[in-house]
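Coordinates in review
These are the residues of each chain, in order.
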There are 6 protein chains.
Amino acid sequence: MKILVLNPNTTGSMTAKIAECARDFASDGVEIIARNPSCGPVSIEGYFDQARAAAGIIDEVRRAIDEGVDGIVLACFDDPSLDACRAMATCPVIGICEAAVHTATMLGTSFSVVTTLPRSVPIIQDLVLKYGAERRCRRVRASGIPVLDLETSADARQRILDQILSAKREDGCESIVLGCAGMADLARWLGEESGLPVIDGVVAGVKIMEALIGTGLKTSKVGAYAAPRPK
Amino acid sequence: MKILVLNPNTTGSMTAKIAECARDFASDGVEIIARNPSCGPVSIEGYFDQARAAAGIIDEVRRAIDEGVDGIVLACFDDPSLDACRAMATCPVIGICEAAVHTATMLGTSFSVVTTLPRSVPIIQDLVLKYGAERRCRRVRASGIPVLDLETSADARQRILDQILSAKREDGCESIVLGCAGMADLARWLGEESGLPVIDGVVAGVKIMEALIGTGLKTSKVGAYAAPRPK
Amino acid sequence: MKILVLNPNTTGSMTAKIAECARDFASDGVEIIARNPSCGPVSIEGYFDQARAAAGIIDEVRRAIDEGVDGIVLACFDDPSLDACRAMATCPVIGICEAAVHTATMLGTSFSVVTTLPRSVPIIQDLVLKYGAERRCRRVRASGIPVLDLETSADARQRILDQILSAKREDGCESIVLGCAGMADLARWLGEESGLPVIDGVVAGVKIMEALIGTGLKTSKVGAYAAPRPK
Amino acid sequence: MKILVLNPNTTGSMTAKIAECARDFASDGVEIIARNPSCGPVSIEGYFDQARAAAGIIDEVRRAIDEGVDGIVLACFDDPSLDACRAMATCPVIGICEAAVHTATMLGTSFSVVTTLPRSVPIIQDLVLKYGAERRCRRVRASGIPVLDLETSADARQRILDQILSAKREDGCESIVLGCAGMADLARWLGEESGLPVIDGVVAGVKIMEALIGTGLKTSKVGAYAAPRPK
Amino acid sequence: MKILVLNPNTTGSMTAKIAECARDFASDGVEIIARNPSCGPVSIEGYFDQARAAAGIIDEVRRAIDEGVDGIVLACFDDPSLDACRAMATCPVIGICEAAVHTATMLGTSFSVVTTLPRSVPIIQDLVLKYGAERRCRRVRASGIPVLDLETSADARQRILDQILSAKREDGCESIVLGCAGMADLARWLGEESGLPVIDGVVAGVKIMEALIGTGLKTSKVGAYAAPRPK
Amino acid sequence: MKILVLNPNTTGSMTAKIAECARDFASDGVEIIARNPSCGPVSIEGYFDQARAAAGIIDEVRRAIDEGVDGIVLACFDDPSLDACRAMATCPVIGICEAAVHTATMLGTSFSVVTTLPRSVPIIQDLVLKYGAERRCRRVRASGIPVLDLETSADARQRILDQILSAKREDGCESIVLGCAGMADLARWLGEESGLPVIDGVVAGVKIMEALIGTGLKTSKVGAYAAPRPK
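Below you will find a few notes about this structure.

Quick notes on the rules
- Residues numbered from 1 in each chain as written.
- Chains lettered and ligands numbered in written order.
- Predicted model: local features only at pLDDT ≥ 70, side-chain atom pairs only at ≥ 80, totals over all residues.
- Heavy atoms only, no water.
- Helix = DSSP H or I, 4+ residues; strand = E, 2+ residues; numbered from the N terminus.
- Rg over C-alpha atoms; globule rule 2.2 N^0.38 Å.
- Buried < 20%, exposed > 50% of the residue type's maximum accessible area, 1.4 Å probe, protein only.
- Contact = heavy atoms within 4.5 Å.
- Least-squares fit on C-alpha atoms with pLDDT ≥ 70 in both.
- Salt bridge = Lys/Arg side-chain N within 4 Å of Asp/Glu carboxyl O.
- Buried area = accessible area lost by both parts, 1.4 Å probe.
- Pairing = 2+ DSSP bridges.
- Right-handed = clockwise from strand over helix to strand, strands pointing away.
- Disulfide = S-S within 2.5 Å.
- Polar contact = N/O pair within 3.5 Å; in protein donor to acceptor, adjacent residues only side chain to side chain.
- Expected span 1.5 Å × (residues − 1).
- Axes fitted to C-alpha atoms, helices over the stretch in contact; angles between N-to-C directions.
- Parallel < 35°, antiparallel > 145°, perpendicular 65-115°, else oblique.
- Left-handed = near helix turned anticlockwise from the far one by under 90°.
- Nonpolar A, V, L, I, M, F, W, Y, C, P; charged D, E, K, R; others polar.
- 1 Å grid on protein atoms, 1.4 Å probe; cavity = no way out; pocket = protein on both sides within 12 Å on 5 of 7 lines; lining within 4 Å.
- Points joined across faces, edges and corners; volume = space filled by probe spheres on them.
- Phe/Tyr/Trp six-rings, centres within 6.5 Å; stacked < 30°, edge-to-face > 60°.
- Lys NZ or Arg CZ within 6 Å of the ring centre and 35° of its normal.

What follows concerns the overall build of chain A. Across its full length, chain A carries nine helices and eight strands. For a compact globule of 231 residues, the expected C-alpha radius of gyration is about 17 Å, and chain A comes in at 17 Å, within 12% of that figure. Taken over the C-alpha atoms alone, chain A extends approximately 50 × 35 × 35 Å along its principal axes. Residues classed as buried in chain A amount to 69% of the 231 residues present. Of the contacts made within chain A by residues no fewer than 6 positions apart, 72% connect residues no fewer than 24 positions apart.

Residues and elements named next belong to chain C. Looking at the element boundaries, Phe-77 is found in the loop between strand 3 (71–74) and helix 3 (82–88). Taking C-alpha positions, Phe-77 is 9.0 Å from Val-202, a pair spaced 125 residues apart along the chain. Leaving out residues up to four positions away in the same chain, Phe-77 has contacts with Ile-96, Cys-97, Ala-100, Val-113, Ile-124, Leu-127, Val-177, Leu-178, Gly-179 and Cys-180.

Screw-axis analysis of chain A against chain F gives a translation of 0.0 Å along the axis, an RMSD of 0.0 Å, and a rotation angle of 180°. Here the transformation between the copies is reduced to the relation of a two-fold axis. When you check the interface residues of chain A against chain F, 100% turn up at the interface there too, and the contact is symmetric in its surfaces.

Counted under the stated rule, the structure contains 94 salt bridges over all chains. Linking Asp-83 of chain B and Lys-130 of chain B is a salt bridge whose minimum nitrogen-to-oxygen distance equals 2.6 Å. A residue pair is termed long-range when its members are at least 10 positions apart, and Asp-83 of chain B in helix 3 (residues 82–88) and Lys-130 of chain B in helix 5 (residues 120–130) qualify at 47 residues. In this structure, Arg-159 of chain D engages Asp-155 of chain D in a salt bridge whose closest nitrogen and oxygen atoms are separated by 4.0 Å. You can call Arg-159 of chain D partly exposed: its relative accessible area is 32%.

Between chain E and chain F, the contact holds 44 residues from the first and 44 residues from the second. Summed over both partners, the interface of chain E with chain F buries about 3,300 Å², with 64% contributed by carbon and sulfur atoms. For the chain E face of the interface with chain F, the top three residues by lost area are Met-106, Leu-107 and Leu-217 of chain E, together amounting to 20%. There are two salt bridges connecting chain E and chain F.

Moving on, we get to the relation of the copies chain E and chain F. Each copy of the sequence occupies a distinct position, and chain E is placed on chain F by a rotation of 180° and an axial shift of 0.0 Å, giving an RMSD of 0.0 Å. Mapped onto chain F, 100% of the interface residues of chain E again fall at the interface, so both copies present the same surface.

Further remarks concern the pairing of strand 1 (residues 2–6) of chain F. Residues and elements named next belong to chain F. Of all five residues that make up strand 1, four are buried, and the element is covered over most of its length. When strand 1 meets strand 2 (residues 31–35), the two strands line up parallel, connected through five bridges. Residue pairing for strand 2: Val-5 is matched across the bridge by Ala-34. Handedness of the crossover is the feature at issue here: the chain leaves strand 1, passes through helix 1 (residues 12–25), returns alongside strand 2, and the resulting connection is right-handed. Strand direction decides the pairing type here: strand 1 and strand 3 (residues 71–74), joined by four bridges, are parallel. For Val-5, the partnering residue across the bridge sits in strand 3 and is Val-73.

The next point concerns the state of the cysteines. Residue and element names in this part refer to chain C. Taken as a whole and judged by the stated rule, the model has zero disulfides over all chains. The thiol of Cys-85 is not disulfide-bonded; the next cysteine sulfur, from Cys-91, is found 9.9 Å away. Judged by relative accessible area, which is 1%, Cys-85 ranks as buried.

What follows deals with the interface of chain A and chain F. With 31 residues of chain A at the contact, the number on the chain F side is 31 residues. Summed over both sides, the interface of chain A with chain F buries roughly 2,600 Å², with 67% coming from carbon and sulfur. If you sort the residues of chain A by the area they bury against chain F, Phe-48, Arg-119 and Lys-231 of chain A come out on top, with a joint share of 29%. Remark: the boundary between chain A and chain F carries six salt bridges. Lys-231 of chain F is the salt-bridge partner of Glu-45 of chain A, the closest N and O atoms lying 2.7 Å from each other. Along the contact surface separating chain A from chain F lie ten residue pairs in polar contact (both at pLDDT 80 or more). Elements with a contribution of two residues or more to the side of chain A that touches chain F: helix 2 (47–67), helix 3 (82–88) and helix 5 (120–130) of chain A.

With that out of the way, let us pick up helix 7 (residues 156–171) of chain F. Turn by turn, an α-helix covers 3.6 residues, leaving residues three or four places apart pointing in a common direction. Residue and element names in this part refer to chain F. Compared with an ideal rise of 1.5 Å per residue, which puts 16 residues at 22 Å, helix 7 spans 21 Å between its outermost C-alpha atoms and is within 8% of the ideal. Every buried residue belonging to helix 7 is among Ala-156, Ile-160, Leu-161, Gln-163, Ile-164, Ser-166, Ala-167 and Asp-171, and all of these are buried. The inward-facing, buried residues of helix 7 contact strand 5 (111–115), strand 6 (137–142), helix 6 (149–152), strand 7 (175–178), helix 8 (187–194) and strand 8 (198–199). Among the residues trailing helix 7, Gly-172 stands out with phi positive, at a value near 65°.

What follows covers the packing of helix 2 (residues 47–67) of chain D against helix 2 (residues 47–67) of chain E. Packing of helix 2 of chain D against helix 2 of chain E brings their axes to within 9 Å, and their N-to-C directions diverge by 140°. With respect to helix 2 of chain E, the axis of helix 2 of chain D lies oblique. Considering how the two elements wind past one another, helix 2 of chain D and helix 2 of chain E form a crossing that is left-handed. Contact with helix 2 of chain D, carried on its side by Phe-48, Ala-51, Arg-52, Ala-54, Ile-58 and Arg-62 of chain D, involves Phe-48, Ala-51, Arg-52, Ala-54, Ile-58 and Arg-62 of chain E of helix 2 of chain E and no other residues of that element. The residue inventory of the contact of helix 2 of chain D with helix 2 of chain E, partitioned by class, reads eight nonpolar, no polar and four charged.

Our focus in this paragraph is the pairing of strand 3 (residues 71–74) of chain B. Residues and elements named next belong to chain B. Burial along strand 3 is two-sided: Gly-71 and Val-73 and Ile-72 and Leu-74, pointing in opposite directions, are all buried. Examined bridge by bridge, strand 3 and strand 4 (residues 93–95) share three bridges and lie parallel to one another. Within strand 4, the position partnered with Val-73 by the bridge is Ile-94. Chirality of the crossover, the property in question, places the unit of strand 3, helix 3 and strand 4 among those that are right-handed.

Turning next to the sheet that holds strand 5 (residues 111–115) of chain A. Residues and elements named next belong to chain A. Pairing is parallel in the open sheet, where four strands are placed in the order 6-5-7-8. With partners counted over all chains shown, the strands left at the sheet margins are strand 6 (137–142) and strand 8 (198–199), one partner each. Looking at chain direction, strand 5 and strand 6 are connected through five bridges and run parallel. Within strand 6, the position partnered with Ser-112 by the bridge is Arg-139. Where helix 5 meets the sheet, it contacts strand 5 and strand 6, and its direction lies at approximately 155° from that of strand 6.

On to unusual backbone geometry, then. A positive phi angle, near 60°, is found at Ser-81 of chain C, a position not held by glycine. For Ser-81 of chain C, the position within the fold is in the loop between strand 3 and helix 3.

Residues and elements named next belong to chain E. Taken in spatial order, the four strands make up an open sheet running 6-5-7-8, and their pairing is parallel. Across the chains shown, the open sheet's two edge strands, defined by having one partner strand only, are strand 6 (137–142) and strand 8 (198–199). Sheet topology places strand 7 (residues 175–178) next to strand 8; two bridges connect them, and they run parallel. Counted as the bridge partner of Val-177 is Ile-199 from strand 8.

Two quantities define a packed helix pair, namely the angle between the axes and the distance from one axis to the other. All names here are of chain A. Where helix 4 (residues 96–107) meets helix 9 (residues 201–215), the closest approach of the two axes is 8 Å, and the angle between their N-to-C directions is 85°. Classified by the angle between their axes, helix 4 and helix 9 sit roughly perpendicular to one another. When helix 4 is examined against helix 9, the residues Ile-96, Ala-99, Ala-100 and Thr-103 are found in contact with a partner set consisting of Gly-201, Val-202, Ala-204, Gly-205 and Ile-208.

Let's shift gears to the arrangement of the chains. The two units chain B and chain E remain apart, with a minimum C-alpha distance of 15 Å. A minimum C-alpha distance of 15 Å separates chain C and chain F, which share no contact.

Okay, empty space enclosed by the protein next. Approximately 940 Å³ is the volume found for the largest cavity. Taken together, 32 residues make up the lining of the largest cavity; nearest its centre are Gln-50 and Asp-83 of chain D together with Gln-50, Asp-83 and Lys-130 of chain E. Residues of the lining of the largest cavity, tallied by class, amount to 18 nonpolar, four polar and ten charged.

This part covers the packing of aromatic side chains. Following the criterion strictly, the structure yields six aromatic pairs over all chains and no others. Here Tyr-225 of chain B and Tyr-47 of chain C contribute two aromatic rings whose centre-to-centre distance is 6.2 Å and whose plane-to-plane angle is 35°, an arrangement assigned as tilted. Residue Tyr-225 of chain B is located in the segment after helix 9 (201–215), and its partner Tyr-47 of chain C is located in helix 2 (residues 47–67); the two belong to separate chains. Overall, the relative accessible area of 1% leaves Tyr-225 of chain B in the buried class. The positively charged end of Arg-157 of chain B is found above the aromatic ring belonging to Trp-189 of chain B, 3.8 Å away from the centroid.

No statement about biological role is implied by the geometric values presented.
The structure is reproduced here in structure tokens:
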């Protein structure tokens, strides 16, 4: 079983971190192919970066389909171009926001999201609506930490924990969803410190992708995800 | 990894069929424990049967927890007493309606459900709302076939296929969810005949449960699923 | 006119208090039959207790139907097994959460709920959604007082009043719904102290049940509440 | 106990019919005061008639408040100026659409409405949303019969029955709400013929008003229904 | 192009202020006819005033239609009797709440409303729902300033600014909608002080009405806005 | 006043048609700049084409911003990359689906959409939800005509009319929204034939853009549409 874990930004160190988390949790016999596009934004922070990343995502997804992957995980919490990827593929495709949100709803009746910058809050709110969890999501919180500072900022993990503890106390949420692929390596520590399930989308994405592949089901080719018309 | 697949009705032949489907799809190293309560209704068709099944479900879940299972799949499409089971357990617990509905939303933008009797339609509509898929669910259709007749009726599978083909033609849905654990063995054939992804909750439930266990996350014990107070 | 007011827990002193409130408000000629099951949890606090209470509820409802009651009021704010009872009965059946929520929407444009423990908050939020009042409900507040402590705690009524005054000040709500049958005797005092309509579900339940019986209408036997199939 | 049943149009024969239905179902000791404004539209069919009826409604409500009525039922299915009346009164005020819709949700999980003209359909859909029953209402059907023709048309009741039977067959609804005060006298017959609970708002309104008065609760004067400012 | 800007209250000085704002922003060749009814409430603060204003609104709208206006803007933030006016007219009719809310959704992903008295908050919340912006509206805030005090109170504009700054800080909103026609002259200053788009409904209403007229489209006469039946 | 009307596909003849419709309706003194990207898909039919068009849209929007346009209309009914464009610009930006949907809600209480291919139906349903019109939209209908065939197919306009007449008869809608920029030239004829307001997004987009520019308001730079971070 081969799974593409696609980091849609061009920062290789972040791809490496995502790959490590993915492989730590992948089942025996699952090959994780972790990649990022060669051109596009170095991080995806808001709608503009999403649009700029689209071409690179399409290229990497096409390459992976040609190589015969069994499933594709889009490893950016904005789930950019997710629907386009589904239209391209017959294998299952999921986004890490989608995977994390569904996972959260199966472990508690409510959750809050802790993400990076304020501009991502409305984007995530719309994704939560798209995935049908608007009644379960107590709040989307911005930590104020840019994506790439997650790797370099000395106090990043403490500030994220502070947001989680505030969420636990003020939002009445039963679990936490981490709102950036760059937080994947912090999930375990944050869970231990907070006493709440802390869900990282990369791990959730890989495991649910294994599940989807395991069912033998494919992306529906009737309707929105019909194969693109040649043009 | 040990997973309890609990058929909440008392019909052993149905438990056997569910067990077979579950084992066909379980990953290597996963032990499927398939059981049903010793007392309660022979099938669950509507709210009254759900209430009658509650005591047996609790007993079987408690027994499995004592035995140290890693996850519990409730194998009846009404997801009866699901929240109670979550409150009892620290391991993940899911229902097959929940698993099938989430799976459907990851493979297409819309689905219809084909279930057994008309009385189950409003129950499933409420579950679809609970799982946040009300905007994705085109229609819940009753085939008119009682649960236990699925095993004995000569034309059951054809009547279910007819409903699926009507759903494809009239509802504009992109996939199908089978609305009864007793239809698990028909999913593959129905998918081939209809050209749509046909999702059986037993298989979806087992695979997503493997995924949840694989993340290492547990049911939140803060809030709705806090451990029951001793009384 | 005979109305069963069923306390679904097994605490007789609570049944007595509920009976007294019900009789205080019942119309002339209405016989209030107040009962509780002989086995089951002593109080209903969360999903697990609901599931444990199901068998006792069914037994008492069946007995009352056999005796020919004209209506049934389920006197626990979680409205446990309400739909199952409706399927059993031809007479009207209501829950006290349902009755209180509808009453609140007819006396103001918004309300907050004050209940017992935090674990009941998500349960009540789901009931509020079920009854279509999600846009009217400002907040569900937990006082932190367990059900049975309502009878024994010296400061219970003051703590509930404090929550009501906070709701008035912070939630912008126009009325208050008491989220536990055990608060029935406090409603008048709380209303006088807070200057808001304070709605107790036991009284609302009895009065609305009298109204339903008075219309001559019965529970629909087409669809979800069709008579249970013999099994 | 004195209840004003206010027919907001100026057709006295319709007021008489409404009065008769109200009195048939009123409890012992309840005085039904049935009135209509002296000026305004002869029937209320759409938004314009509602606006024209506003002044007359206000006048009659003020008169009744001065006379000390205990509750007010607005006997037009559009519930015209209901919120204004609530702001004027301290006693409870309800509309017959509101009463009928709540009643329907307590007797079945879904309903369809059968009303008069197509122009009323969107109005009723908005009221159903206001009362939180949008997920329970399967369809609002227009019979094509103007309000005043209900009294004179030879085939009116048959055409309404036809709509009800279509609703039962096509909408999957479990009960029927009659969408005009002028249909009050037909409810019993329609229920017998259709085998569904058929809910007339006049009767539902009177009985639920008795219930509200019986609780001793008043309309909240905090917020939307605060007493009008003198001007 | 002639546009009626109808102030539905009877305060001439407020009509003059509204007229001035409207003319400041009207395109060349657009004639603004600003009027108010001769009888009715001096300001519209809540449901009761709305009902009292209905007759005057109808009269002025009929007069304008007879004069051949091309569009009608209802210049009160409660959009009173808007649907009735649409039924009367073939030309487009809009309310200033409607215009402001739609404008806000095209300039940012979320907004808060700052209005006058607390009693208007639930009214505006219902309008926001009617216009489909309930997921975009972060909060409706009352400044506590009565409508007519907006012209005379020395600190009114500062108190409104304070609410806007609180909204920016606490609500996470991206723009502000002013919730009263009497605030029209403050919009520019408030925008400069707050750094947010501050949307006044009078200006938004006039400009969007010019746009609607410019499309050549008319109010639909099929359904809810069909011409009133003669009676 | 300069408005960019951006056809996001690369078909020049379609750009010319859009330009002609836009100029026919633009006010005096408004300069319409109609362009399309030089590379990208020849038509936008589904999610994949949207993603492929993103780079070209960004380039054209940047160029127009540098040239100092006062507003931008995205002339494809999928509103592709609309949010990204808003983040880039300080001037207002709208999509033609957005403009048409808001226009429809101001002319009637409900509408149906008639678009091109079935794969676009779920996309438009999601946009309708985004714009808050999900309760107003009766149905999104596919005519089965690909975008570019609108210019060449002999029977295209008749097939679209047939869908509109079906919508009028079956959906109970009060107006029609044309779901493709390529239908702009048909709107008037379709309106005359159907007796319903038929709304074309290109015209609605230009007129509402003129309105937004006329208010002097700008896109909010706080939150989702904050200027992209340099990277």
